[in-house]
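# Tertiary structure, described
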Amino acid sequence: MRLRDYLASKAIALCAVGIAIILWGVFAYLCGANAVLLWGSEGFFVTAVIVRYAAGYAVVNGRLKRLQKSRDELDKKYLLGEILPKPRDGVEREYYDVMSTVSRSAIGEAERTEREKEEYCEFVEQWIHELKTPLTACSLICDNGGEPTKIKRELKRADNIADTALYYARLRSIQNDTVICTTDIRKTLDDAVKSQRELLIAAKISVEINGGFTVHTDGKAVGFVVKQLLVNCAKYCAGCHITMTAENGTLKVSDNGVGIDSSELPLIMRRGYTGAEGRRIGSTGMGLYVSSEICKRLDIDFSAQSELGKGTAFTMVFPNLTKS
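Remember, predicted model here, so these are calculated numbers, not experimental data.

The rules we used
- Residues numbered from 1 in each chain as written.
- Predicted model: local features only at pLDDT ≥ 70, side-chain atom pairs only at ≥ 80, totals over all residues.
- Heavy atoms only, no water.
- Helix = DSSP H or I, 4+ residues; strand = E, 2+ residues; numbered from the N terminus.
- Rg over C-alpha atoms; globule rule 2.2 N^0.38 Å.
- Buried < 20%, exposed > 50% of the residue type's maximum accessible area, 1.4 Å probe, protein only.
- Contact = heavy atoms within 4.5 Å.
- Areas by Shrake-Rupley, 256 points an atom, 1.4 Å probe, with all protein chains shown as cover.
- Salt bridge = Lys/Arg side-chain N within 4 Å of Asp/Glu carboxyl O.

## Section: the overall build of the protein chain
Assigned secondary structure in the protein chain consists of eleven helices and seven strands. By the compact-globule yardstick of 20 Å for 324 residues, the protein chain is too spread out, its C-alpha radius of gyration being 36 Å. A total of 324 residues make up the protein chain; the buried ones form 34% of that total. Long-range pairs, those at least 24 residues apart, make up 68% of the contacts in the protein chain with a sequence separation of at least 6. Carbon together with sulfur atoms contributes 58% to the accessible area of the protein chain, which is approximately 19700 Å² in total.

Rendered as structure tokens:
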């Protein structure tokens, strides 16, 4: 810190002291003080002020240099608030409290970002391993004659995995990727079933679609959610019957499969939750999480009901922009 900057920060106090010294000189002169006393006292006051502010500058400059040294040696600058010197007065205490609050907030944000980065890398690694399964299957099928139907089925599985990974990567900026338009839910359901036809046939799953309505939403994102529900049925409920009913702004996708245990049902939409069956087949546990996050951003109420041994139903309630 330069001396000029320090003195500028004390300008008001210096002006007040200067005025006080001048007033004292005028007062002493009017009272008839002799020249020695008058100029001696003035010189004393000026010297005292110079010594006071010189000492103050030396102390402040020393503290700032130590702080700058600590800053330069610190790898993570947001930790600087944790090593600030203790405050010496009320004003410094206020600044200290503010900087400590900012520092703690920055530390929390940095830790959260680091956790998200690690989780993201873990999930990407899981997806890559999961993606290798259908690709390996394709290779084996080709080595054994290359039946087109089986190859298409495995490629569809790989496509679904890649699609889920892409939607997960876009969650942070999904507002920028969202395209709201008039969407025919019946057509969205038909397209979703057609896109997963190979998997549904392989799993011997039958699908029934009832009703329909038109709504203002992101049709592509809604289609992804429906596809994810179909993919889950193909994974966990081979041989079941799926009923999709769309009416009055509510879409219900239900099956008569094995159902979900009541202890697991509240957890199925958590990030990375796989459950006992999911761990057995090597699932990432991200499909329903991504689907629920998409629904939140589109203001769609997404919920699940299930009874073990009787099946599962997922319900999507669209916002008030629904048309009849």
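## Some thoughts on the environment of aspartate 261
Mapped onto the fold, aspartate 261 is located in the loop between β5 (250-255) and α10 (275-281). As for aspartate 261 and glutamate 307, which are separated by 46 residues in sequence, their C-alpha atoms are 6.9 Å apart.

## A look at the pattern of salt bridges
The full count for this structure, using the stated rule, is nine salt bridges. Its salt-bridge partner being glutamate 293, residue lysine 296 comes within 3.3 Å of it at the nearest N-O pair. Residue lysine 296 and its partner glutamate 293 are located together in helix α11 (residues 287-297), separated by three residues, close to a single helical turn. For lysine 296, a relative accessible area of 56% gives the class exposed. Residue classification places glutamate 293 among the buried positions, given a relative accessible area of 12%. Put simply, Arg153, Glu154 and Arg157 are held in one network by salt bridges that share partners.

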